[in-house]
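The lines below spell out each chain.
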Amino acid sequence: MIYVDAKGVRIPAIGLGTWPLRGEECERSVRAGLEIGYRHIDTAAKYDNEPEVGRGIAASGVARKDIFLVTKVWNDALRDGDLQRSAERSLKALRQDYVDLLLIHWPNAAIPLRESLKALASVKAKGRASHVGVSNFPVALLKEAVEVCGADLLCNQVEYHVGLSQRPVLSYIRPRGMMLTAYSPTAKGGVGSDALLKRIGAHHGKTPVQIALRWLVQQDGVAAIPKASNQDHARENFSIFDFELTPAEMAEISAIGGDDRLIDPTHGPTWDPA
Ligand SMILES: NC(=O)c1ccc[n+]([C@@H]2O[C@H](COP(=O)([O-])OP(=O)(O)OC[C@H]3O[C@@H](n4cnc5c(N)ncnc54)[C@H](OP(=O)(O)O)[C@@H]3O)[C@@H](O)[C@H]2O)c1
C-alpha cells in the first residue's frame, strides 16, 4: 500500500468507491474489498447505501481503527444545523461513532460557504469526524474556504483521471499539505482502451487500468477511489503496489492532460480550466 501524507495524517492511497451500489451488492463489495486489503472506503449520504457500507465493515471483521471511512453531506443540507443533523444521520446509518473524513459533497452558491464550514468544523470539534474537507471545489472556492473563511480542510475530492487534468487544484492543495482524492479514477473503466496505457502496461505486465491508478497514487498528495463490484476488478485495482512507473512514464501519461469531464451536473460549480 502507498499512503498519502496530508497534514500529518496517513491515508491509504487506494480506496473503494461505493456509488451507485446498494443492498446486498454494496455490502458484499465492501466486505470483499476489506478482505482484499482495501482500508479506505468512500460513501455519501446521497448514495443511500450507508447502512450497507456499515454492515460490510462489520462483516469483514477488520478493526475499525484500521479503516479510513469517508462520507459526505449533500448540497441541500449545508445550513448550520442541517449539516450537523445530516452527519448524525450518516453515523447512525453507518453504525459508527465517527467517520475519518466528512466532506461537503458539492458546493451550493445559495448558502454562505462560511456558514457550512463552521457547521462542518463543529462536527469535527465534537469528535464525530476526525477530519473534514470538500468535494467538487474548484480553486476559487478552495481559496474562499481556506483563505477567507480559515477552514482547516484535509481534502478536496474531485474527478481526476488521465483524461482530465487537475493541475490548478493540485497546485493549490500541494503547498498547503492537503490531499486530492480522485473520483472516477478509471474514467468509469474507459482508460482500459487507452493506447499509451496499454503500451506502458505491457512493459510492466499490468493492465491499462492498473497503470492509470498507479499513475494517480504515485503523485504527491493523491489518493484514488475506484468502484468495482466485479471482484476481479477490485483485486486488479488493488494490485498496483508491486511495481513503479518511471519518471519518464509518469511524464508521458501526465502529458495526455485534457478536459474529458464525465461528471458535470447542472448544480456543479464553474470548473477550473484544464
Ligand atoms: N464526490 C463526488 O461527487 C463523486 C462523484 C462520482 C463518484 N464518486 C466516488 O468515486 C467512486 C468511483 O467513481 P466512479 O464509480 O464514477 O468511476 P470509476 O471508479 O472510475 O469506474 C467504475 C466503473 O469502472 C469499472 N471498473 C472498475 N475497475 C475496473 C477494471 N479493473 N477494469 C475494467 N473496468 C473496471 C467498474 O465496473 P464493475 O463495477 O463492474 O467492476 C465500474 O463500471 C464512486 O464509487 C464514488 O464513491 C464521488
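Look a little higher up for the structure.
Parameters and conventions
Once a new chain begins, its residue numbering starts again from 1 and follows that chain's sequence as written. Since the coordinates come from a predicted model, pLDDT governs what is reported: local features require at least 70, and pairs of side-chain atoms require 80 or more to be given and counted, while whole-chain, interface and lining totals use all residues. Put plainly, near means the residue's C-beta atom, positioned from the backbone, lies within 6 Å of the molecule or strand in question. Helical segments are the DSSP runs of H or I of at least four residues, strand segments are the runs of E of at least two, and each set is numbered from the N terminus. Note on residue classes: Ala, Val, Leu, Ile, Met, Phe, Trp, Tyr, Cys and Pro are nonpolar, Asp, Glu, Lys and Arg are charged, and everything else, Gly too, is polar. Put plainly, a residue is buried at 20 or more neighbouring C-beta atoms within 10 Å of its own, exposed at 12 or fewer, and partly exposed in between, counting only other residues' C-beta atoms, which are placed from the backbone. What counts as a contact is two residues whose backbone-derived C-beta atoms lie within 7 Å of each other. One nonpolar core equals one set of buried Ala, Val, Leu, Ile, Met, Phe, Trp, Tyr and Cys residues connected by C-beta atoms within 7 Å.

Trainee: What exactly am I supposed to notice about the site of the ligand here?
Mentor: By nearness alone, 27 residues border the ligand, and Gly 17, Tyr 183, Gly 189, Lys 227 and Asn 230 come closest of all. The dominant element in the shell around the ligand, judged by the number of residues it contributes, is helix 9 (residues 231-238), at 3 residues. Each residue belonging to the shell around the ligand can be placed in one class, and the counts come to 9 nonpolar, 14 polar and 4 charged.

Trainee: I tried to follow the environment of Val 4 on my own but got confused; where do I start?
Mentor: Looking at the element boundaries, Val 4 is found in strand 1 (residues 3-6). With 24 C-beta atoms packed within 10 Å, Val 4 lands in the buried category. Residues Val 4 and Val 169 lie 165 residues apart in sequence; the distance between their C-alpha atoms is 16 Å. What Val 4 contacts, discounting residues up to four positions off in sequence, is Ile 11, Ala 13, Met 179, Gly 221, Val 222 and Ala 223.

Trainee: For this particular structure, what's the right way to read the nonpolar core?
Mentor: Generally speaking, soluble globular proteins have nonpolar side chains that are buried together. By size, the foremost hydrophobic cluster in this structure holds 77 residues, and its most contacted members are Leu 102, Met 179, Ala 212, Leu 216, Ala 223 and Ala 224. A total of 7 residues in this core trace back to one element, the largest contributor, which is helix 8 (residues 208-217). Once residues lying within four places of it in the same chain are set aside, the contact partners of Leu 216 are Tyr 160, Ala 182, Pro 185, Val 222 and Ala 224.

Trainee: I would appreciate a short explanation of unusual backbone geometry in the present structure.
Mentor: Where the residue is not glycine, phi is negative for most of them; where a peptide bond is considered, it is trans in most cases. Cis peptide bonds are those with omega within 30 degrees of zero, and the linkage from Trp 19 to Pro 20 qualifies with 5°. Counting through the fold element by element, Pro 20 comes out in the loop between strand 3 (16-17) and helix 1 (23-36). With a phi close to 50°, Lys 7 is a non-glycine residue in the positive phi region. Inspection of the secondary structure puts Lys 7 in the loop between strand 1 and strand 2 (9-12). Given 13 C-beta atoms within 10 Å, Lys 7 falls into the partly exposed group. Even without being glycine, Asn 136 reaches a positive phi, approximately 60°. If you trace the backbone, Asn 136 turns up in the loop between strand 7 (129-135) and helix 5 (139-148). Taking the number of C-beta atoms within 10 Å as the measure of exposure, Asn 136 has 23 and is therefore buried.

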